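What follows is each chain in one-letter form.
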Amino acid sequence: MSSLAVSGLTVTFGRDRALDDVALSAEPGTVTGLIGPNGAGKSTLFDVVSGLRRPVAGRVRLDGHDITRLGPARRSRRGLGRTFQRLELFGRLSVRDNLLVAAELGPHRAHAARTASDLLDRLGIAHLADHAADALPTGLARLVEVGRALAVRPTVLLLDEPAAGQDTAETGRFAALLRSVAADGTAVVLVEHDMSLVMAVCDVVHVLDLGRIIAVGPPEAVRHDKAVVAAYLGTPPAPDRTEGRLPDAGRTEGVLQYREGA
């Protein structure tokens, strides 16, 4: 059974469809990537899954239960954790207190202090425990936000651009953390601009363009999918008649990353 299963999700803004009959699932113990050009609807999909926006059609199921009509707090208590594209931390609180506040809202609130302490060690930020969150550089602040989402002991973890602001070394450590979280049995859903990270950690990738899923599959297959390349480049790719591959297929990863960051 999928930890997260959404089906038929449709969201409209006036006459425009931000999401159009979207289906996506995430399995326990896996990292599921969600990529697409800017404005494709990725954050809107996360808003619907986390209860911040109501769809006009479709269903959201968490661990087999229909949560479509539940509010964000009840979804969190049922095992849904999330980070945001724009940092959402309690800036004047310390790193430890940011984690502690979240842990006290989780299912094991009696052990909140131990949960916060364990997360400080797991994230490699115990030395920053007493620092104010708003004094941290962006890469570390995003790590604290991930820790806060983990503090509620989620079965499904939604991460919206969590590696933004990280340097190469930090991204490498973060990739290992994601695989570790998945290994614990959590279903991780990752929206990310860094295609090298997506290719390194994701078991399956969904590609969203103009509100519709246009491709689903293993990272390497998706990276060379003609519809995906066309969505990022904005023009249909011409076939490579000499090798049976898309022209510059080996550079698609870089093209995707460039287009996302544009």
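Residues numbered from 1 in each chain as written. Predicted model: local features only at pLDDT ≥ 70, side-chain atom pairs only at ≥ 80, totals over all residues. Heavy atoms only, no water.

- Looking at an unreviewed UniProt entry, the chain carries the name Amino acid/amide ABC transporter ATP-binding protein 1 (HAAT family), with the source organism given as Actinophytocola oryzae.

## Describing the environment of Thr-10
Logical step 1: Mapped onto the secondary structure, Thr-10 falls in strand β1 (residues 4–13).
Logical step 2: Once the C-alpha coordinates of Thr-10 and Val-48 are considered, the two residues, 38 residues apart in sequence, prove to be 9.5 Å apart.
Logical step 3: Leaving out residues up to four positions away in the same chain, Thr-10 has contacts with Arg-17, Leu-19, Asp-20, Asp-21, Pro-55, Val-56 and Ala-57. (Helix = DSSP H or I, 4+ residues; strand = E, 2+ residues; numbered from the N terminus. Contact = heavy atoms within 4.5 Å.)

## Topic: the packing of helix α3 (residues 95–104) against helix α4 (residues 112–123)
Logical step 1: The geometry of α3 relative to α4 is characterised by a closest axis approach of 8 Å and an angle of 130° between their N-to-C directions. Relative to α4, the element α3 lies oblique. In terms of crossing hand, the pair formed by α3 and α4 is right-handed. Here Val-95, Arg-96, Leu-99, Leu-100, Ala-103 and Glu-104 of α3 come into contact with α4, specifically with Ala-112, Ala-113, Thr-115, Ala-116, Leu-119 and Leu-120.
Logical step 2: Class assignment for the residues of the contact of α3 with α4 results in 9 nonpolar, 1 polar and 2 charged. (Axes fitted to C-alpha atoms, helices over the stretch in contact; angles between N-to-C directions. Parallel < 35°, antiparallel > 145°, perpendicular 65-115°, else oblique. Left-handed = near helix turned anticlockwise from the far one by under 90°. Nonpolar A, V, L, I, M, F, W, Y, C, P; charged D, E, K, R; others polar.)

## Some details on the environment of Val-188
Logical step 1: Mapped onto the fold, Val-188 is located in strand β8 (residues 187–191).
Logical step 2: Owing to a relative accessible area of 0%, Val-188 belongs among the buried residues under this scheme.
Logical step 3: Spatially, the C-alpha atom of Val-188 lies 6.1 Å from that of Leu-158, the residues being 30 residues apart in sequence.
Logical step 4: Leave out the neighbours within four places in its chain, and Val-188 touches Thr-30, Val-31, Thr-32, Leu-157, Leu-159, Leu-178, Val-181 and Ala-182. (Buried < 20%, exposed > 50% of the residue type's maximum accessible area, 1.4 Å probe, protein only.)

## Some words on the sheet that holds β8
Logical step 1: Strand order across the open sheet formed by 6 strands is β6-β7-β8-β3-β9-β10, with mixed pairing between neighbours. Two strands close off the open sheet at either side, each with one partner strand: β6 (80–82) and β10 (212–217). Averaged over all pairs of adjacent strands, the angle between their axes in this sheet comes to 20°, without regard to strand direction.
Logical step 2: Relative to strand β9 (residues 204–209), strand β3 (residues 31–35) runs parallel, the two sharing 4 bridges. From the neighbouring strand, Ile-35 faces β9, where its bridge partner is Val-207.
Logical step 3: Where helix α1 (residues 42–50) meets the sheet, it contacts β3, β6, β7 (156–160), β8 and β9, and its direction lies at approximately 145° from that of β6.
Logical step 4: Along the sheet face, helix α5 (residues 138–150) touches β6 and β7 and points at about 160° away from the line of β7. (Pairing = 2+ DSSP bridges.)

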